[in-house]
Amino acid sequence: MALKGAEIMKKLPKTNCKECGCATCFAFAMKLATGGVKLDDCPYLDPEVKTELKDAMAPPMKLVTIGTGQNAIVIGEEEVMFRHEKTFFHEPGIAVLISDRESESDIGEKLARVKDLRFERIGNVLKIDLLALSNDSGDSGIFETLVKKAYETTDFPFILISEDMDALFSAAAMCADRRPLVYPITSDNVSASIPKLKELGVPAGVKGDSLDEIISVTSQLKDAGVEESIIDPGSRNMLDGIRDQTLIRRAALKKGFRPLGYPTMTFPCFMCQDKYEEALATSALMTKYAGIVVTSLIEKDFIFPLLVHRFNIYSDPRRPMTVEEKVYEVSQPDENSPILISTNYALDFFIVSGAIEEANIPAFLCIKDTGGIGVLAAWTSGKFTGEAIAEFFKKYDVENRVKHRKLIIPGVAKKLKDELEEELPSWEILLGPSEASDIPKFLSEEWKV
Amino acid sequence: MFQAPLEKYPVNIREVVLGLGEKAKKIGGENTFPFHFFEGSLPNSPGLALEVLDMQPENWATWALDPFKDVVSDPVEWAKRGVEEYGAEILCLRLLSIDPMGMDVAPEEAAKTVRNVVDSLNIPLIVLGTGTEDKDSKVLIEVARACSGKNLLLGPVLKGNYQEIAKAALEHGHAIVAQASMDANLTKELNIALCKFFPPEKIVVDPTSSALGYGMEYTFSIIESIKQFGLVAKDNMMLMPVFADIGIECWRTKEAKESKDQGVLWEATTGMTFLLAGANLVVFRHPEALRLIKNMIL
Amino acid sequence: MILIGEDLNVMSNAISQAIKERNAEPIRACVEGQAGNGMDYLDLNVGPQKKDPAQTMDWLVNTVQKFTDLPLCLDTTNSVAMEAGLKLCKKKALVNSASGVRESMETVMPLSKKYSAGLVLSVINDAGLPSDADERAASILESMEYANELGIKNEDIWIDPVLMPVGVDQRQILSYMEFIQMIPDLAPGAKSVCGLSNLSYSAPKELRGLLNRTFMVIIARYGQDAAIVSGFDEELIRLNKGEMPEVVDLIHRAMDEEDMDISTLSTKEQEYVKTTQVLMGKTLYSNSWLEV
């Protein structure tokens, strides 16, 4: 929400009448700010004040949905320029571009390949979200064939691209139940597009050669009741793209400028000649505010880094990243290899497993789920205690993986040693180094079977 | 007519000079965020450095090794290849041989290697230890002495060894890489300690880089916040240019070892991301990753 | 401000050893020391206490109550230990703590109701730690509603906005200060409490007291009711008693960003001013904030 609780408070009656269900007007204001109650719950608000508050409380950047159901892409409603200020909320959609000028067999192959671009990483599914279907042939029949084929053989949401308005909306009508984005809506075709956009209930992909032009189009659309738009400032290269994206987001977030208060789309596929540059431009634009990136790339080696990149940048910095709970095998350990244990905070995991690899001594790394919090905090809250670890040992059958009975625990967890000696009486508990960087030294000097 | 919301900042990131003479490279000096040519001045393009090891690489993917495979037994030849064939404007000589858990090469010998590289190529040179405080200290002091006056960039300088290394750098006219681990407060603290006796315009800060998929976003956000503390909050101790040592991190990942394309993109994507955050000097391992970035940003 | 002494804590080797061995002497020294220094409550922190929770707490509460009449603040995540302690408290106890996490509301809140104890209620909920003042407000409103429905009155609730170490996330300190000023409107009748030492968790040992004391003065001005503090920081206790009005005045003036020539101040005064500036977010925190 754009307005802070304290600001909302200024507009409320301040009678603490409790009829909204909250103990005080202040409480009501707080709940409003975080979306816990509705404005209508207060029976004493002046209608003008209500409208004023409703407008002011609307997020500075619209939320836009392409697609429906579980494949829907939701973008927008961003709140910050820098992810460390809070977080980025909605991952940009990655769209693979398919032109209707391609041969039938090429199209068929591409559609199949895009479906295969699905990967798992630390418990998350990373994949392509959209197909951008482009009418380059100039023939509406050929375009429709492409859209129909994509519609029948895949369940991706679409971005429909055509300079021919009739072809564009006719294709949109064919797949309207999947809520496609229609592009481009420009100052030339906006008036004619409005009735069709409203009839189909689909979002508008707005294109302009200048921000002024975009502003004019989005304003006309909003006035006519078309609420959801995605804007393309038509950037020709990566650096221009960075500039345009930055200025649009600033205008929306810092100036509260509603005509630019929309998520954006970019076409790195048209910015570069070579696929390596395209991959870099795509990742750069995702880092710099793009709501949708349209790419021509479909090879795994090019798409996978992009998917991981998006996943990283759009992770919430306020929540610790976690890895899966399990017994990790580093460098192919055997029954005589050392066993270490730590928490599932991702960064710690990378550092510890990296240190073990560096030591060149194969080992088992037991990773216990602590909700991503570190060793000491996890011990205090009961998630990394002797009892919890003993349970882990049973669950993952740790005893049967090695012949020896030695467990190396993080050096900072001194209190844990006593607890574990009691919970696992047949095990010798070794206090490891306090710093992960000392693990190689520790393993090479202190570890003996 | 829409007025673009431009922002102007009243301070500059300090300019640090690497190397000497006509091949010297300046980094930093900007008064705005990375690539914001439309609202500020960025007088120096980012420094893009190519990595050279002082010993034969172990466990490198074939395609990482290919560009240098016939010269990896000789750091001077390796360095020359980097400059002459791959157009590197800055080199980063990583003294892996000094690792006490590895070959534990003596400081004098390591310094000799550095001197050989310096003598054979007139090009800005970064010289890095392995992060083991005591050994790095001895080696970098010896390197400083052996290459007195050559304006190298020496690092990593850490909380535990900054006094000795910075003193030697000051005495022999070198710049330093001050490294803190993923924490703006620690970066500031080290800078405060250094600036008591060491010129701030010869400090480059390293918040510690993590590769794509392995913590990249932590580094990204720290670099962005360092830029903000400097340019927006005008914190005098946060106006040093930022260093990102990415080659070694990216190429140890299993993803980089799966295919050449993926490996090069793994490194290039990480580098691009840090440049977008505000890194002023980036060390690459693969010349193709470096070239790719160079073509995109220059 | 109401002061709750924190030193009876299993993170201290001496105390955890004493508890393990059922050795009353170190407990006595700790209790009498804190009580003698003017603490209003004593916090008994036994950690997760997985081993013999009921017996251990029984012994500890009984032992402590031999040496003091002060009301006790029972600090443990273990409900069995908590209940055992509550049964034995002679004075109205303080349950430390419940949070907005569903399991905590369901298991801990009923205990404070059952034993007519006060309840420390943290702003943490199932989504984790709130990142700003508004999110804290939303969290506490929900958990207080739950508490009120159980019959726990606002007057028995001590809200803990959760103080983060200044070196971990400086912005959270600003959110903290913003939030406690909201409490009288948000939760009329409730008190605020914090673990003051958390603030300085990552700071150099010798400077922790300075951070803690400065912050205590700052939040006192914003209406903070209580704090869990070191029972042996004499200067903190004096400040709280009003015995150092010039220091308090200086901190207030620094908070108000009054023009002052810092060079005319004594070293100690300069330290308080610089510390205030850092805590108010005027400059980025670093462990060497006094040296700039």
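The structure we're discussing is the one just above.
Bear in mind that the values here come from a model prediction, so they are computed numbers and not experimental data.

Caption draft 1: The overall build of chain C, seen in detail. Counting its secondary structure elements, chain C contains 12 helices and 8 strands. Relative to a compact globule of 292 residues, whose C-alpha radius of gyration would be 19 Å, chain C shows 19 Å and is just as compact. Its C-alpha atoms put chain C at 60 × 45 × 30 Å along the principal axes. Sorting the 292 residues of chain C into buried and exposed places 55% on the buried side. In chain C, once contacts between residues fewer than 6 apart in sequence are set aside, the share between residues at least 24 apart is 70%. Separation of charge centres in chain C, based on 27 positive and 43 negative side chains, amounts to 7 Å.

Caption draft 2: Expanded view of the overall build of chain B. The helix and strand inventory of chain B stands at 10 helices and 10 strands. Taken over C-alpha atoms, the radius of gyration comes to 18 Å for chain B, in line with the 19 Å a tight globule of 298 residues would show. In terms of overall dimensions, chain B has a C-alpha envelope of 60 × 45 × 35 Å along the principal axes. Pairs at least 24 residues apart make up 69% of the contacts formed inside chain B by residues separated by at least 6 positions. Carbon together with sulfur atoms contributes 49% to the accessible area of chain B, which is approximately 10500 Å² in total.

Caption draft 3: Here's a closer look at unusual backbone geometry. Following Tyr183 of chain A, the chain continues into Pro184 of chain A via a peptide bond in cis, with omega recorded as 0°. Mapping Pro184 of chain A onto the fold places it in strand E8 (residues 181-185). Looking along the chain, the bond that leaves Asn96 of chain C and enters Ser97 of chain C is cis, with omega of 10°. As for its position among the elements, Ser97 of chain C is in strand E4 (residues 94-100). The phi dihedral of Glu77 of chain A falls on the positive side, at around 50°, and the residue is not glycine. Tracing the sequence through the fold places Glu77 of chain A in the loop between strand E2 (73-76) and strand E3 (93-99). Its relative accessible area of 30% is what places Glu77 of chain A among the partly exposed residues. For Asn151 of chain B, which is not glycine, the phi dihedral falls at a positive 50°. Locating Asn151 of chain B in the fold gives a position in the loop between helix H4 (133-146) and strand E6 (153-157).

Caption draft 4: Representation of the interface of chain A and chain C. Counting residues at the interface gives 23 residues for chain A, matched by 26 residues for chain C. Between chain A and chain C, the buried area comes to about 2000 Å², and carbon and sulfur atoms account for 56% of it. When residues of chain A are sorted by the area they lose upon contact with chain C, Phe26, Met30 and Lys415 of chain A head the list and together hold 24% of the total. Where chain A meets chain C, there are 4 salt bridges. Glu145 of chain C serves as the salt-bridge partner of Lys31 of chain A, at 2.8 Å between the closest nitrogen and oxygen. The set of elements that each furnish at least two residues to the side of chain A that touches chain C consists of helix H2 (25-33), helix H13 (375-380) and helix H15 (414-423) of chain A. Per-element accounting of the side of chain A that touches chain C gives the leading share, 5 residues, to H2 of chain A. Looking at the side of chain A that touches chain C residue by residue, the classes come out as 6 nonpolar, 7 polar and 10 charged.

Caption draft 5: Just the sheet that holds E3 of chain A, in detail. Residue and element names in this part refer to chain A. Judged by pairing direction, the sheet is parallel, and its 8 strands sit side by side in the order E10-E9-E8-E7-E6-E3-E12-E11 without closing on themselves. Where the open sheet ends on each side, the last strands, each with one partner, are strand E10 (229-232) and strand E11 (265-266). Relative to strand E12 (residues 292-295), E3 is paired through 4 bridges, and the arrangement is parallel. By the bridge assignment for E12, Ala95 is matched with Val294.

Caption draft 6: The sheet that holds strand E3 (residues 72-76) of chain C, seen in detail. All names here are of chain C. Spatially, 8 strands are ordered E7-E6-E5-E4-E3-E2-E1-E8 in an open sheet, and the strand pairing comes out parallel. Among the strands making up the open sheet, the edge pair consists of strand E7 (191-192) and strand E8 (226-229). Alignment of strand E2 (residues 41-47) against E3, held across 5 bridges, turns out to be parallel. In the sheet register, Gly47 faces E3, and the bridge partner there is Thr76.

Caption draft 7: Representation of helix H2 (residues 24-36) of chain C within the structure. Residue and element names in this part refer to chain C. The first and last C-alpha atoms of H2 sit 18 Å apart over 13 residues, in line with the 18 Å expected at 1.5 Å per residue. For H2, the set of buried residues is Ile27, Cys30, Val31 and Gln34. Looking straight down H2, one finds that the buried residues subtend no more than 95° of arc, so they occupy a single side. Looking at the packing, one finds that the buried side of H2 touches strand E1 (2-9), helix H1 (13-21), E2 and helix H3 (53-67). Here H2 starts with a cap whose side-chain oxygen sits 3.2 Å from the backbone nitrogen of Glu25, and that cap is Asn23.

Each value, and the rule that gives it
- Residues numbered from 1 in each chain as written.
- Chains lettered and ligands numbered in written order.
- Predicted model: local features only at pLDDT ≥ 70, side-chain atom pairs only at ≥ 80, totals over all residues.
- Heavy atoms only, no water.
- Helix = DSSP H or I, 4+ residues; strand = E, 2+ residues; numbered from the N terminus.
- Rg over C-alpha atoms; globule rule 2.2 N^0.38 Å.
- Buried < 20%, exposed > 50% of the residue type's maximum accessible area, 1.4 Å probe, protein only.
- Contact = heavy atoms within 4.5 Å.
- Lys, Arg positive; Asp, Glu negative; His and termini not counted.
- Charge placed at Lys NZ, Arg CZ, Asp CG, Glu CD.
- Areas by Shrake-Rupley, 256 points an atom, 1.4 Å probe, with all protein chains shown as cover.
- Buried area = accessible area lost by both parts, 1.4 Å probe.
- Salt bridge = Lys/Arg side-chain N within 4 Å of Asp/Glu carboxyl O.
- Nonpolar A, V, L, I, M, F, W, Y, C, P; charged D, E, K, R; others polar.
- Pairing = 2+ DSSP bridges.
- Expected span 1.5 Å × (residues − 1).
- Arc of directions from axis to C-beta.
- Polar contact = N/O pair within 3.5 Å; in protein donor to acceptor, adjacent residues only side chain to side chain.

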